[in-house]
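# Structure assessment
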Amino acid sequence: MRVRKHLKRLDAISIAVPVYFITACVADRRTLLANADSFANLRSEWEAAPTRYGWTVGRFVVMPDHVHFFCVCDETENSKSLSVFIGGFKQWTAKAILRRLALPAPLWQREFFDHCLRSDESYASKWDYVRENPVRAGLAPTADDWPYGGEIVPITR
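The following paragraphs examine the structure supplied in this document. Please read all numbers here as calculations on a predicted model, not as lab measurements.

Moving on, we come to the packing of aromatic side chains. The geometry of an aromatic ring pair is captured by the separation of the ring centres together with the interplanar angle, meaning the angle of the planes. Taken as a whole and assessed by the stated rule, the structure comprises 16 aromatic pairs. Ring centres 6.3 Å apart and planes at 75° place the aromatic pair Phe 21 and Phe 113 in the edge-to-face group. On the criterion of sequence distance, the pair formed by Phe 21 in strand β1 (residues 19–25) and Phe 113 in strand β4 (residues 113–117) is long-range, its members being 92 residues apart. The class for Phe 21 is buried, based on a relative accessible area of 6%. Aromatic pair Phe 89 and Trp 108: ring centres 6.0 Å apart, planes at 40°, arrangement tilted. In this pair, Phe 89 sits in helix α2 (residues 82–101) while Trp 108 sits in the loop between α2 and β4, placing the two residues 19 residues apart along the sequence. What makes Phe 89 buried here is its relative accessible area of 1%. Judged by relative accessible area, Trp 108 falls into the buried class, the value being 6%. Put simply, the rings of Tyr 20, Phe 39, Trp 46, Tyr 53, Trp 55, Phe 60, Phe 69, Phe 85, Phe 89, Trp 108, Trp 146 and Tyr 148 pair up and form one aromatic cluster. Arg 59 extends its terminal NZ or CZ atom over the ring of Tyr 123, reaching a point 5.3 Å from the ring centre.

Reading guide: rules and limits
Residues numbered from 1 in each chain as written. Predicted model: local features only at pLDDT ≥ 70, side-chain atom pairs only at ≥ 80, totals over all residues. Heavy atoms only, no water. Phe/Tyr/Trp six-rings, centres within 6.5 Å; stacked < 30°, edge-to-face > 60°. Helix = DSSP H or I, 4+ residues; strand = E, 2+ residues; numbered from the N terminus. Buried < 20%, exposed > 50% of the residue type's maximum accessible area, 1.4 Å probe, protein only. Lys NZ or Arg CZ within 6 Å of the ring centre and 35° of its normal.

Here you go:
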């Protein structure tokens, strides 16, 4: 029997396919992400996540100094833990973004925020809240006007 890879504190949670909500912030909250080049780099890494880490990324929003995204483990033999996935994502995006901007490391804060959506939580309602972040921050008149968001693969819950 294959043991699911997940964070130890989640041992008591039993969800068939848990959806994780992730937030990762830029070190010192520098505004380096909400631009076409950084966005392309982030999206490319999310698209590569199933092959590299065994994780699928669904919807996401890139803010100037942080990212929000939803993901699920593909549960293959080669699937990495959530921590390994996020660490690899941060490593590769940092290399590309910092090189392009000619800035020193680090790009990301060391930690990240993860939340496992439980059965009584709605992925759709959490997404609605997240996609409105640019509007609440005064960066776009509507969520549809914010160019730095989207979906890699639909995640059904």
